[in-house]
Amino acid sequence: MKLTIVEDYQWLSVVGAQMVAEQVRRQPGSVLGLATGGTPVGMYAELVRMYKEQGLDFSQVITFNLDEYVGLASSDPASYNWYMWHHLFSHINIPLENVHLPNGIAVPVQDECRCYEQAITRAGGIDLQVLGIGSNGHIGFNEPGTPFESETQVICLTEETRRANARYFPDGNVPTHAISMGIKSILKAKRILLLAGGPDKAAAIEQALEGPVTVELPASVLQLHPDVTVVVDTAAAAGLTKAGSEKPTHQAAG
Ligand code: F6R
């Protein structure tokens, strides 16, 4: 695992975007696995800036998002589909047909999960998977206890996760279930980029990087993957004892 500690959220976003951009420049037809949530918003803004100012070309890129809420249509502003168009896809030159998210209103949902997993395989697998992490250590929506062998499936969200995401649901009706790539689906990616910022993520980052590999802390499974880059800000890195003396590699000037 490669660990990069940056000073703050702005650097987290810039360093994350640089890694995605480097992947896209090296392999224009890259298959990217993408995350939603608060963490990658700044990274997507930086990628949009790179597209507009530097001509970063997404015309051959293929994307698969990690997850979507069950019961939300893509037109729902709280859906991850809507989020992705709002923060990234509408602002870059990625063709509509290259973009994939699980369909939250598909019936039967099990068929959607199977087809989604097959579509990733058909596309040649994910070259770079971007991940955030829940404060309970979840990756995708794979909550503690999810078997490492799991592929795309329906997950029952924990109360903690629903509370953490309640800010996106003004009516308070956070869905109870989500479709999520499984742990095995995530581990199949050739490279993984895990981003985490803020003190709420410190305990999960410490356990994921330095604790035992256990289904109780899903992100700990990343220790078993051969090519993982973790980019954290100093607040999220606060619990890391092995990296305790490291200085942030990217700091604001002055
Ligand atoms: C989102 C996802 C989740 C989030 C995690 C952190 O697609 O799969 O694992 O990455 O819940 O969310 P934020 O970034 O909002 O703290």
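In case you missed it, the structure is sitting above this.
Reading guide: rules and limits
- Residues numbered from 1 in each chain as written.
- Predicted model: local features only at pLDDT ≥ 70, side-chain atom pairs only at ≥ 80, totals over all residues.
- Heavy atoms only, no water.
- Helix = DSSP H or I, 4+ residues; strand = E, 2+ residues; numbered from the N terminus.
- Rg over C-alpha atoms; globule rule 2.2 N^0.38 Å.
- Buried < 20%, exposed > 50% of the residue type's maximum accessible area, 1.4 Å probe, protein only.
- Contact = heavy atoms within 4.5 Å.
- Areas by Shrake-Rupley, 256 points an atom, 1.4 Å probe, with all protein chains shown as cover.
- Lys, Arg positive; Asp, Glu negative; His and termini not counted.
- Charge placed at Lys NZ, Arg CZ, Asp CG, Glu CD.
- Salt bridge = Lys/Arg side-chain N within 4 Å of Asp/Glu carboxyl O.
- Arc of directions from axis to C-beta.
- Core = buried A, V, L, I, M, F, W, Y, C linked by side-chain atoms within 4.5 Å.
- Pairing = 2+ DSSP bridges.
- Axes fitted to C-alpha atoms, helices over the stretch in contact; angles between N-to-C directions.
- 1 Å grid on protein atoms, 1.4 Å probe; cavity = no way out; pocket = protein on both sides within 12 Å on 5 of 7 lines; lining within 4 Å.
- Points joined across faces, edges and corners; volume = space filled by probe spheres on them.

1. Some thoughts on the overall build of the protein chain
- Regarding its fold elements, the protein chain presents 7 helices and 10 strands.
- For the protein chain, the C-alpha radius of gyration of 17 Å lies close to 18 Å, the compact-globule estimate for 254 residues.
- In terms of overall dimensions, the protein chain has a C-alpha envelope of 50 × 40 × 35 Å along the principal axes.
- Residues counted as buried form 53% of the 254 residues belonging to the protein chain.
- Counting contacts in the protein chain only where the partners sit at least 6 residues apart, residues at least 24 apart contribute 80% of the total.
- Of the roughly 10,900 Å² of accessible surface on the protein chain, a fraction of 54% belongs to carbon and sulfur atoms.
- With 17 positive and 27 negative side-chain charges, the protein chain shows a separation of 4 Å between the mean positions of the two kinds.

2. Looking at the pattern of salt bridges
- Counted according to the given criterion, the structure contains 12 salt bridges.
- Here Glu22 ties to Arg26 by a salt bridge, and the two come within 2.9 Å at their closest N and O atoms. With a gap of 4 residues between them, Glu22 and Arg26 both fall in helix α1 (residues 9-26), about one helical turn apart.
- A relative accessible area of 33% places Glu22 in the partly exposed class.
- Close ionic contact of Asp111 with Arg114 constitutes a salt bridge, the shortest N to O distance being 2.9 Å. Of this pair, Asp111 and Arg114 are both found in helix α4 (residues 109-122), 3 residues apart, which corresponds to roughly one turn of the helix.
- You can call Asp111 partly exposed: its relative accessible area is 33%.
- The exposure class assigned to Arg114 is partly exposed, which follows from its relative accessible area of 46%.
- A cluster of three or more residues bridged by salt bridges with shared partners is formed by Glu117, Glu149, Glu151, Lys184 and Lys188.

3. Digging into helix α3 (residues 80-87)
- Looking only at α3, the buried set comprises Tyr80, Asn81, Tyr83 and Met84. With its buried residues spanning 160 degrees around the axis, α3 presents them on a single face.
- In this structure, the buried side of α3 is in contact with β2 (31-34), α2 (41-54), β3 (62-65) and β4 (67-69).

4. Quick notes on unusual backbone geometry
- Between Val107 and the following residue, Pro108, the backbone shows a cis peptide bond with an omega angle of -5 degrees.
- Mapped onto the elements of the fold, Pro108 is located in the loop between β5 (99-100) and α4.

5. Considerations on the nonpolar core
- Residues Val20, Leu47 and Leu88 are the most contacted members of the largest nonpolar core, which totals 41 residues.
- Taken together, the elements giving at least two residues each to this core come down to α1, β2, α2, α3, β6 (128-131) and β9 (191-196).
- Take this core: its biggest share by element is 7 residues, from α1.
- If we ignore the near neighbours within four places in the chain, the residues touching Leu47 are Ala17, Val20, Ala21, Leu56, Phe58 and Leu88.
- Ile120, Ile192, Leu194 and Leu217 belong to the second-largest nonpolar core, a separate cluster that totals 33 residues.

6. Re the sheet that holds β2
- The strand order across the open sheet built from 7 strands is β1-β10-β9-β6-β2-β3-β5, with neighbouring strands paired in parallel fashion. At either end of the open sheet lies a strand with only one pairing partner, and these are β1 (2-6) and β5.
- Of the strand pairs in this sheet, β9 and strand β10 (residues 228-233) are connected by 5 bridges, and their pairing is parallel. Across the sheet, residue Leu195 finds its bridge partner in β10, namely Val231.
- Each of β1, β2, β6, β9 and β10 touches α1; the most contacted strand, β9, lies at about 165 degrees to it.

7. Quick notes on empty space enclosed by the protein
- Per the stated rule, a full pass over the model turns up 1 cavity of 30 Å³ or more.
- In this structure, the largest cavity encloses a volume near 40 Å³.
- Around the largest cavity, the lining residues are Val20, Leu32, Leu34, Leu47, Phe58, Thr63, Leu88, Phe89, Ile92 and Ile94.

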